[in-house]
Amino acid sequence: MALRDLLNIRSTDITDEAVYRQRRDLISAMALAPALTLAGCAEAEPPPAPKVTVTPAQARAGFKTNEELTRQADATSYNNFYEFGTGKADPGNAAKTLRTSPWNVAVSGECEKPGTLSLDDLLKGLASEERIYRLRCVEGWSMVIPWQGVPLAQVLKRFAPTSKAKYVAFTTLADPVQMPGIRYRSINWPYREGLRMDEAMNPLTLLATGMYGKPLPQQNGAPLRLVVPWKYGFKSIKSIVEIKFVERMPETAWHDLQPSEYGFFSNVNPAVDHPRWSQKTERRIAGNASKLFAERIPTLPFNGYGEQVASMYAGMDLKKWF
Ligand code: MTE
């Protein structure tokens, strides 16, 4: 996420205290720069979600694409997983230490059947599905990845969310013993993400357990991660240990760090630039393309999944609720 660019330092050169101070100063400076400050969205609640239904045929049209796949070697060696370092190769090199079994997920909040379940119990009886999705990182690169997993909606329904559940909050494991990057306060650990309830229940939203027909490698978020293909990649939180149904929009890791740059919704949108770079095009890392010099292609609204998801945002100002 170019955090090192932002701080103009290398994470290996700094103490926690220095990162904290520089980030705090940077955030205060941004608050005083109206040109850079887009409307934050933790302060107010967005308009209520319209009642919409996506037909099964519409949903299915989004489950696959004929676009050229990213090579497995690229998808598993060019990663963002800051718990293992901020370099693209760091997670592939360092995440082998992540123990993915046994793995429990605690589900709580506004639901009738909360509980802590083993991964097996969480997914028991649910058929694994394949989804070939585009993944568009907010940094301006994208991949096409075959995932295996179960629709998030099927898992959430097991816990019988109540009518008070308006959002779902997710948390990644934060274990400094297994995750060397946690020593640096690059993010306010643990990594947190969230979805509005209708987004969580959308048929496109996947809880992935595998990719390329194999169990997820640690660097890609084993043993359980979210894949939300119409949103910037940072919404697709890895190595989930907690799911909570909540009434108010939850705080999320990147919004917490830079509210003016990373909104809660973070739908892929070429019409809303990141304050420091354009979002109109993306570097597509697929097939034999080089990771750094891949061809740039136009970025599509909702990452090309408008037919499946645009109606969830009808009447919403997408510049305000970026
Ligand atoms: N989840 C956690 N816990 N920590 C992270 O640093 N990075 C996010 C997202 N999920 C991240 C995370 C970002 S910025 C992106 S682009 C995707 O994971 C990258 O997923 P990939 O490495 O499988 O391509």
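Please read these numbers as outputs of a predicted model, since none were measured by experiment. (Residues numbered from 1 in each chain as written. Predicted model: local features only at pLDDT ≥ 70, side-chain atom pairs only at ≥ 80, totals over all residues. Heavy atoms only, no water.)

**So, the packing of aromatic side chains**
- Evaluation of the coordinates by the stated rule reveals 11 aromatic pairs.
- Here the aromatic rings of Tyr167 and Phe264 are separated by 5.6 Å at their centres, their planes lie at 85 degrees, and the arrangement is edge-to-face. Linking Tyr167 in strand β5 (residues 167–172) with Phe264 in the loop between α9 (253–257) and β11 (281–284), this pair joins segments that are 97 residues apart in sequence.
- Classification of Phe264 as buried rests on a relative accessible area of 2%.
- Three or more aromatic residues link up through ring pairs in this structure, and these residues are Tyr167, Phe264, Phe265, Phe302, Tyr313 and Trp321.
- Sitting above the plane of the Tyr78 ring, Lys88 keeps its charged end 5.6 Å from the centroid. (Phe/Tyr/Trp six-rings, centres within 6.5 Å; stacked < 30°, edge-to-face > 60°. Helix = DSSP H or I, 4+ residues; strand = E, 2+ residues; numbered from the N terminus. Buried < 20%, exposed > 50% of the residue type's maximum accessible area, 1.4 Å probe, protein only. Lys NZ or Arg CZ within 6 Å of the ring centre and 35° of its normal.)

**A few points about the site of the ligand**
- Around the ligand sit 17 residues, and of these Asn79, Tyr82, Glu83, Arg225 and Lys238 come closest.
- The separation between a nitrogen atom of the ligand and a polar main-chain atom of Asn80 is 3.2 Å.
- Protein contact buries 99% of the 530 Å² of open area that the ligand shows by itself.
- Of the residues that constitute the shell around the ligand, the class distribution is eight nonpolar, six polar and three charged. (Near = heavy atom within 4 Å. Polar contact = N/O pair within 3.5 Å; in protein donor to acceptor, adjacent residues only side chain to side chain. Areas by Shrake-Rupley, 256 points an atom, 1.4 Å probe, with all protein chains shown as cover. Nonpolar A, V, L, I, M, F, W, Y, C, P; charged D, E, K, R; others polar.)

**Digging into the side chain of Arg192**
- Checked against the element boundaries, Arg192 lands in strand β6 (residues 192–196).
- Classification of Arg192 as buried rests on a relative accessible area of 17%.
- Within the structure, Arg192 has its side chain in polar contact with the backbone oxygen of Asn188 (distance 2.9 Å).
- Separated by 2.8 Å, the side chain of Arg192 and the backbone oxygen of Pro190 make a polar contact.
- Here Arg192 is in contact with Phe170, Thr171, Ile237, Glu251, Thr252, Ala253 and Asp256, once residues within four sequence places are set aside. (Contact = heavy atoms within 4.5 Å.)

**Focus on the UniProt feature "binding site: Mo-molybdopterin" (unreviewed entry) in the chain**
- This chain's UniProt record puts "binding site: Mo-molybdopterin" (unreviewed entry) on Asn79, Tyr82, Glu83, Cys137, Thr172, Asn220, Arg225, Ser236, Ile237 and Lys238.
- Excluding anything up to four places from it in sequence, Cys137 contacts Asn80, Tyr232 and Gly233.
- Note that Asn220 resides in the loop between β8 (214–215) and β9 (225–227).
- When residues no more than four places from it in sequence are discounted, the contact partners of Asn220 are Ala75, Thr76, Asn79, Met211, Arg225 and Lys238.
- In terms of polar contacts, Asn220 uses its side chain to reach the backbone carbonyl oxygen of Ala75, at 2.9 Å. (UniProt positions renumbered as here; feature names shortened; annotations may be inferred.)

**Quick look at the pattern of salt bridges**
- Inspection of the entire model under this criterion finds 16 salt bridges.
- Here Glu199 and Lys231 are joined by a salt bridge, their closest N and O atoms 2.8 Å apart. Placement of Glu199 in helix α8 (residues 197–201) and of Lys231 in the loop between β9 and β10 (240–246) is noted, with a sequence separation of 32 residues between them.
- Judged by relative accessible area, which is 1%, Lys231 ranks as buried.
- Between Asp273 and Lys280 there is a salt bridge, and its shortest N-O distance comes to 3.2 Å.
- For Lys280, a relative accessible area of 46% translates into the label partly exposed. (Salt bridge = Lys/Arg side-chain N within 4 Å of Asp/Glu carboxyl O.)

**Focus: the pairing of β10**
- Among the seven residues in β10, five count as buried, and that is most of the element.
- Examined bridge by bridge, strand β1 (residues 104–109) and β10 share four bridges and lie parallel to one another. Each residue of the ladder has a partner; that of Gly109, found in β10, is Phe245.
- Relative to β10, β5 is paired through six bridges, and the arrangement is antiparallel. Each residue of the ladder has a partner; that of Thr171, found in β10, is Glu242. (Pairing = 2+ DSSP bridges.)

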